[in-house]
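Results of the structural survey
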Amino acid sequence: EKNDLSKNRPVLVTGASGGVGSFSVSLLATAGYEVIAVSSKEDKKEYLKALGASKVCSFYDLEIAEKYSPLGKALYSGAVDNLGGEYLTKLLSHIDLFGSVASVGLASQAFFNSSVMPHILRGVNLLGISSANSPMDLRRKLWKSMFEDQNFMNSLNKVQRNLIGLDELPAICQNILDGKHTGRSVLKLAD
């Protein structure tokens, strides 16, 4: 739920054209946030705008890409980070007062170096996301609330998804490793 502080600044989603990134852009935009989608895939701008992003750019187009500062200018109310590494390091220092960063992935690097300054001077939260370990009761409650909201269902239907067979799995995995995959692929094991 949005608070008064989060209305002033956009939310950043890194790795925006992937599965988690696509859903994040769509859900955040539907919830009323201004979303900046960060993707290295030039050909995905229209896709991400259709999901609700107000701006689509590469990380290096952002003001925060230049150099690291332990406590940079407050530019974003929060973020969903799928990249980790230096991207997460730079991003944390630019989150506004009481904002949160959901650390979801490590597409760039598993490790990052950061300062405690954003946390102790602005109250920035770094949230670790472990969806595989979320209790089933919590999942059902969240899914139910989303399925009952037609706006969220319409936004989720915009996310690119593919149903693939087992024979297609090696090619999809290679696309993921090469940074060419978009949205979500679901493996169909039986008819």
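Note: the structure precedes this text.
The structure reproduced in this document is the subject of the present report. Remember, it's a predicted structure, so these values are computed and weren't measured experimentally. (Residues numbered from 1 in each chain as written. Predicted model: local features only at pLDDT ≥ 70, side-chain atom pairs only at ≥ 80, totals over all residues. Heavy atoms only, no water.)

The subject of this paragraph is the side chain of Asp81. Along the chain, the position of Asp81 falls in strand β4 (residues 76-81). No salt bridge is formed by the buried Asp81. Its closest oppositely charged neighbour is Lys90, at 12 Å. Contacts of Asp81, omitting those with residues within four sequence positions, involve Thr14, Tyr87, Leu88, Leu91, Val101, Ala102, Ser103, Val104 and Gly105. (Helix = DSSP H or I, 4+ residues; strand = E, 2+ residues; numbered from the N terminus. Buried < 20%, exposed > 50% of the residue type's maximum accessible area, 1.4 Å probe, protein only. Lys, Arg positive; Asp, Glu negative; His and termini not counted. Salt bridge = Lys/Arg side-chain N within 4 Å of Asp/Glu carboxyl O. Contact = heavy atoms within 4.5 Å.)

Before going further, it helps to spend a moment on empty space enclosed by the protein. Tallied over the entire structure, the rule returns 1 cavity of 30 Å³ or more. Estimates place the volume of the largest cavity at around 40 Å³. Taken together, Ser39, Lys41, Glu42, Lys45, Val56, Cys57, Ser58 and Asp61 make up the lining of the largest cavity. Residues of the lining of the largest cavity, tallied by class, amount to 2 nonpolar, 2 polar and 4 charged. (1 Å grid on protein atoms, 1.4 Å probe; cavity = no way out; pocket = protein on both sides within 12 Å on 5 of 7 lines; lining within 4 Å. Points joined across faces, edges and corners; volume = space filled by probe spheres on them. Nonpolar A, V, L, I, M, F, W, Y, C, P; charged D, E, K, R; others polar.)

So, about the pairing of strand β5 (residues 95-103). By the bridge criterion, 5 bridges tie β4 to β5 in an arrangement that is parallel. If you follow Gly78 over to β5, its bridge partner there is Ser100. In this structure, β5 lies alongside strand β6 (residues 125-128), joined through 4 bridges in parallel fashion. From the neighbouring strand, Ala102 faces β6, where its bridge partner is Leu127. (Pairing = 2+ DSSP bridges.)

Across the sheet, which stays open at both edges, the 6 strands sit in the order β3-β2-β1-β4-β5-β6 with parallel pairing between neighbours. Since the sheet does not close on itself, it has two edges, and those belong to β3 (55-57) and β6, each with one partner. In this sheet, neighbouring strand axes are inclined to one another by 15° on average, regardless of whether the strands run parallel or antiparallel. Across the sheet, helix α3 (residues 85-92) touches β1 (11-14), β4, β5 and β6, and the angle it forms with β5 is around 160°. (Axes fitted to C-alpha atoms, helices over the stretch in contact; angles between N-to-C directions.)

This part takes up the packing of aromatic side chains. Considering all chains together, one arrives at 3 aromatic pairs under this definition. Seen in terms of ring centroids, Phe59 and Tyr60 are 6.0 Å apart; in terms of plane orientation they differ by 85°. Their pairing is edge-to-face. Relative accessible area serves as the criterion here: at 49%, Tyr60 is assigned to the partly exposed category. Considering the side-chain rings of Tyr60 and Tyr87, the 6.3 Å spacing of their centres and the 65° angle between planes classify their relative orientation as edge-to-face. Of this pair, Tyr60 sits in the loop between β3 and β4 while Tyr87 sits in helix α3, placing them 27 residues apart in sequence. With relative accessibility at 15%, the residue Tyr87 sits in the buried group. Here a set of aromatic residues connected by ring pairs shows up, and it is made of Phe59, Tyr60 and Tyr87. (Phe/Tyr/Trp six-rings, centres within 6.5 Å; stacked < 30°, edge-to-face > 60°.)

Nonpolar side chains tend toward joint burial in soluble globular proteins. In terms of nonpolar packing, the biggest core is built from 19 residues, with Leu12, Leu62, Ile64, Tyr76 and Leu91 touching the most fellow members. Broken down by secondary-structure element, the contributors of at least two residues to this core are β2 (35-38), β4, α3 and β5. The leading source of residues in this core is α3, at 4 residues. Setting aside residues up to four positions removed in sequence, Leu12 forms contacts with Ile36, Val38, Leu62, Ile64, Tyr76, Gly78, Ala79, Val80 and Leu91. In terms of nonpolar packing, the next biggest core, distinct from the first, is built from 15 residues, Val25, Tyr33, Ala53 and Val80 among them. (Core = buried A, V, L, I, M, F, W, Y, C linked by side-chain atoms within 4.5 Å.)

So, on to the layout of surface pockets. Over the atoms, a rolled probe matching the size of one water molecule traces out where space is still vacant. In this structure, the second largest pocket spans a volume of roughly 870 Å³. Lining the second largest pocket are 34 residues, and of these Gly15, Gly18, Asn82, Leu83 and Ala107 lie nearest its centre. If you list the elements that add at least two residues to the lining of the second largest pocket, you get α1 (19-30), α7 (169-177) and β8 (184-187). The element best represented in the lining of the second largest pocket is α7, accounting for 4 residues. Split by residue class, the lining of the second largest pocket holds 16 nonpolar, 15 polar and 3 charged.

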